Amino acid sequence: MHPQDITAAAIEAALRDKLSPTQLEVIDESGLHAGHVGANGTGFGTHFRLRIASPLFTGTSRIGQHRLVYDALQAFIDAGLHALAIEVLNTPKQ
């Protein structure tokens, strides 16, 4: 994977494949972090916010939920994803 492959759509596809979310929103906030550490100067592909609910989160601690997300996105992190704000959404089963 290359830095240019880090897009909201690619992250969404990886999360849908690995975590089967019932709710998912991926937002590229890289443009808000221009000049910050980890920004790549392009305004995209480094800083993301995601809102997610997954049946795999049921009975799992917040730390465990975040680990599942990070594990699903490890290839993106290795390619230059610098910051990820994770908002776990509650579902009736959680």
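Refer to the structure printed above.
What counts, and at which threshold
Residues numbered from 1 in each chain as written. Predicted model: local features only at pLDDT ≥ 70, side-chain atom pairs only at ≥ 80, totals over all residues. Heavy atoms only, no water. Pairing = 2+ DSSP bridges. Helix = DSSP H or I, 4+ residues; strand = E, 2+ residues; numbered from the N terminus. Axes fitted to C-alpha atoms, helices over the stretch in contact; angles between N-to-C directions. Buried < 20%, exposed > 50% of the residue type's maximum accessible area, 1.4 Å probe, protein only. Polar contact = N/O pair within 3.5 Å; in protein donor to acceptor, adjacent residues only side chain to side chain. Contact = heavy atoms within 4.5 Å. Expected span 1.5 Å × (residues − 1). Arc of directions from axis to C-beta.

Mind showing me how you'd approach the sheet that holds strand 1 (residues 23–28) here?
Remark on secondary structure: sheet strands pair via backbone hydrogen bonds, oriented parallel or antiparallel. Read from one edge to the other, the open sheet built from three strands follows the order 1-2-3, with strand pairing classed as mixed. Strands with a single pairing partner mark the edges of an open sheet, and in this sheet they are strand 1 and strand 3 (83–88). Going across the sheet, the axis of each strand differs from the next one's by a mean of 15 degrees, ignoring polarity. Where strand 1 lies against strand 2 (residues 47–53), six bridges are found, and the strand directions are antiparallel.

Would you mind showing me how to read the environment of Asp28 here?
Topologically, Asp28 is positioned in strand 1. Judged by relative accessible area, Asp28 falls into the partly exposed class, the value being 29%. Counting along the chain gives 22 residues from Asp28 to Leu50, while the straight-line C-alpha distance between them is 8.7 Å. A distance of 2.5 Å separates a polar atom in the side chain of Asp28 from a polar atom in the side chain of Ser30.

How should I be thinking about unusual backbone geometry in this particular structure?
Glycine aside, residues mostly have negative phi, and peptide bonds are mostly found in the trans state. Despite not being glycine, Ser20 shows a phi value in the positive range, around 45 degrees. Here Ser20 shows up in the loop between helix 1 (8–19) and strand 1.

What exactly am I supposed to notice about the side chain of Glu29 here?
With respect to the helices and strands, the residue Glu29 is situated in the loop between strand 1 and strand 2. Side chain to side chain, Glu29 and Arg49 meet in a polar contact 2.8 Å long. If we ignore the near neighbours within four places in the chain, the residues touching Glu29 are His47, Phe48 and Arg49.

Could you clarify how one ought to interpret the pairing of strand 3 in this entry?
Covered by surrounding structure in strand 3 are Leu84, Ile86 and Val88 only, the residues Ala83, Ala85 and Glu87 on the alternate face being uncovered. Bridge analysis of strand 2 against strand 3 gives six bridges, and the strand direction is parallel. Bridged to Arg51 within strand 3 is Glu87.

Would you mind going over helix 1 with me for this structure?
The end-to-end C-alpha distance of helix 1, which contains 12 residues, comes to 16 Å, matching closely the 16 Å that a straight helix rising 1.5 Å per residue would cover. Those residues of helix 1 that fall on the buried side of the exposure criterion are Ile11, Ala14, Leu15 and Leu19. End-on view of helix 1: buried residues confined to an arc of 95 degrees, all on one side of the axis. Opposite its buried face, helix 1 presents the exposed residues Ala9 and Asp17, each directed more than 90 degrees away. Tucked into the core, helix 1 has its buried residues touching strand 1, strand 2, helix 2 (62–72) and helix 3 (74–79). Once helix 1 ends, the next one or two residues include Ser20, with phi positive near 45 degrees.

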